[in-house]
Amino acid sequence: MVTTRARSRQLVVRSSCAGAVALPKRGRSETETRGWCDRAVNGSIVVLKPALDVANAIDSHCPYCALQCGMTLNHQGSGLDRAADCRAELEITPRDFPTNQGGLCHKGWTAADLLTNGRRLTQPLMRRGRGEPLLPCSWDDALDRIASAIKETQETHGRDAVGVFGGGGLTNEKTYLLGKFARVALRTAMIDYNGRFCMSSAATAAQRAFGLDRGLPFPVQDIAHTEVVLLVGANLAETMPPIMRHFTALRANGGQLVVVDPRRTPTAQQADLHLQPSPGSDLALANGLLHLVVEQGHVDAEFVRNRTVGFDDVRGAVRAYWPERVERLTGVPVSAMRKTVELLGAARSVMVLTARGVEQHATGTDTVSAFINLALALGQCGRPFSGYGAITGQGNGQGGREHGQKADQLPGYRSIDDAAGRSHVAGVWEIDPDDVPRAGVSAYEMLAALGTDQGVRNLLVFGSNPIVSAPNARHVEERLAALDFLAVADIVLSETAATADVVLPTTQWAEETGTVTNLEGRVILRNKALEPPQGVRTDLQLLSSLADRLGCTASFPTDPEAAFDELRRATTGGKADYTGISYERIAAERGVFWPCPADSHPGTPRLFLDGFATPDGRARFHAVDHRGPAEAPDVEYPLFLLTGRVLTHYQSGAQTRRIDALTEASPEPFVELHPSLAEHYGIAEGADVQVVTRRGTVAVVARICASIRDDTIFVPFHWGGAGRVNSVTNPALDPDSRMPEFKVCAARLELA
Ligand code: SF4
């Protein structure tokens, strides 16, 4: 156990993780043994009161990634101990839930730390003017200032001059009400969210192939029961380690794992076969594999004939991807491709899974389509224990893209242009359908135009840190500075919040109840475990207060269950139909899979068994061609730069960089490079180096490892400042999903 003495007025807190690699020893804590809790007042530790001998255990889920591992929050004491001024002892234990089967990663083990370590916001902050510091203020002053700024902007520049930027970590209740707030209270078309930077390519490809986007169309437990998994562009052993239990079970059952990744990641090291294509060449590889599937006679002709359309075009397109050509395009040996197709062709059940490695490209949608084509040709979609799935990243990356915080969407995964959908949702909102704004612009397009005559001039940000996480982040930072007004609601003073005119401190996961939809499409419930500190409010409360100040008479429930009940009604008849899902059912059934259109409906763990969600029930093939990265290496910038995540940090790092055990494990931004590259550049382990692209320079520390290609470097994106790699990535957008090309661009290395 690690004891952390929090700064200022916080309590003694025990973190459950003793470091990056040493997982915690569980057992009675020091405070439990002593029987009292401490409080730091003006730097002194004083005894507050004896702790009562009552154990409280609240079942919940991790606040971070989309696996949404089950956990239990335990704390000693009476109800009084749940109050913000006495959070003496809070400990996380893993819970046996289908996704994590009793496992947690380092982030989950330490998730309680930010509830108590004194690094979160507890007071609204306001800047009196440009260049003035952010100073504490009352909630009334903060909300009044935001409301008057909104009115002033809209009166001068029109409704769409005010924008809303949400996040994939917000609960379903929040995303739903955020979308309603934008359309009903602000009447702006300008709302989008950071999930555009995660899942949009997979979502777009799944929509056009199956008529529906739900990350995994099957429960994760099915992984153990398939015969072959082709896992593309996903480093699950580091990004969501407990899911590897399902892959271990797969192999124990005799199944095989094939990993496609330019890096020999910890995930690839566990594979039966690792294909290591050059960055940006996955589409060519998928077409090459399908070429061999056709050549070797592994196409499931009956499935293709009865359940799909468009195969002839695809078969024609992949003729040009003969193995030797694909080897030249991708660097993957013909023998490895043949071995892969042998495995795929012989298996009775196959899963093809993709993640950000293939999706965060300017060709992301087409690349995912190429892998869906492969799964369809093998006859592996819409059957038990097989199919195509995308591994969602953010905690509510799935629910976050279903309920209306996307520019082109209304609740229930409805298109905002669908007349029937507009009418239904407007009915729930008790407004005229014609008053629902039309589609706005996507996330990066909104951010890139901030502060311009045509763009948003007044922005409200909820639970997102675009200064670190957006593509072309330096430009985005400049655009944020050009706004007339910026308000940020967050739990910590993130890099983005630090630049705001007003900052609103909001509750964290364990301080509020709400639902999240995990990577399987399973709607789960996070239970409130303790009261928030004084001075902190929920997002639902602040949306309601702001709507009031704007003179909006529509209802904005502050009770999460009431908000969820309204969301359920709004989704009725939509693709993501939550009508039959209630808090009660979620608790009783360990989550409910959508669609669930009635109370009596069992939910839908496995999609497409009876047909795809297209008008004729058939899946669509899409012929796609290799285009390569938007920016290829050349003489000046000879290397591929890849970006991604590390084990101990989450997204922009706003939360995990404030947890000591995690920052001790990964304290600084680094570049991973091959020994031969290090020798070529004269770079030693730990040296200060600069990664240079056409968009600028990022300062990092060298980590030399043989697990990466010698033409490729890797930098994680969890840091701001000089180590912010998103300053230098390529903002080229996918034409269909509007996904920026985070994953690859051309770069060179320089010694600092
Ligand atoms: Fe949390 Fe994801 Fe880690 Fe599970 S894998 S503990 S959900 S961060």
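Residues numbered from 1 in each chain as written. Predicted model: local features only at pLDDT ≥ 70, side-chain atom pairs only at ≥ 80, totals over all residues. Heavy atoms only, no water.

A few points about the sheet that holds strand β13 (residues 256–260)
- Taken together, the five strands give an open sheet; going across it, the order is β14-β13-β12-β16-β17, and neighbouring strands pair in parallel fashion. The sheet terminates laterally at β14 (273–275) and β17 (387–390), the two strands that pair on one side only. The average undirected angle you get between the axes of adjacent strands in this sheet is 15°.
- The strands that helix α14 (residues 334–346) touches are β12 (228–232), β13, β14 and β16 (350–354); relative to β14, the one it contacts most, it runs at about 130°. (Pairing = 2+ DSSP bridges. Helix = DSSP H or I, 4+ residues; strand = E, 2+ residues; numbered from the N terminus. Axes fitted to C-alpha atoms, helices over the stretch in contact; angles between N-to-C directions. Contact = heavy atoms within 4.5 Å.)

Brief notes about the pattern of salt bridges
- Throughout the structure, instances matching the rule amount to 42 salt bridges.
- A salt bridge links Arg 120 to Glu 511, with the nearest nitrogen and oxygen atoms 2.8 Å apart. Residue Arg 120 is located in the loop between α3 (113–116) and β8 (125–127), and its partner Glu 511 is located in the loop between β22 (502–505) and β23 (514–517); the two are separated by 391 residues in the primary sequence.
- With a relative accessible area of 8%, Arg 120 lands in the buried category.
- On the accessibility criterion, Glu 511 (1% relative accessible area) is buried.
- We note a salt bridge from Arg 748 to Glu 750, for which the minimum N-O separation is 2.9 Å.
- Given a relative accessible area of 22%, Arg 748 falls into the partly exposed group.
- The class for Glu 750 is partly exposed, based on a relative accessible area of 30%. (Salt bridge = Lys/Arg side-chain N within 4 Å of Asp/Glu carboxyl O. Buried < 20%, exposed > 50% of the residue type's maximum accessible area, 1.4 Å probe, protein only.)

Describing the site of the ligand
- Taken together, Cys 62, Tyr 64, Cys 65, Gln 68, Cys 69, Leu 104, Cys 105, Lys 107, Gly 108, Met 240 and Pro 242 make up the full set of residues adjacent to the ligand.
- Here the residues of the shell around the ligand sort into eight nonpolar, two polar and one charged. (Near = heavy atom within 4 Å. Nonpolar A, V, L, I, M, F, W, Y, C, P; charged D, E, K, R; others polar.)

Considerations on unusual backbone geometry
- Going from Trp 594 to Pro 595, the amide bond is cis rather than trans, its omega being 0°.
- In this fold, Pro 595 is placed in the loop between β25 (592–593) and β26 (619–620).
- Although it is not a glycine, Phe 385 sits at a positive phi angle of roughly 60°.
- Position of Phe 385 among the secondary structure elements: in the loop between α16 (364–377) and β17.
- The phi torsion at Gln 651 lies on the positive side, around 45°, for a residue other than glycine.

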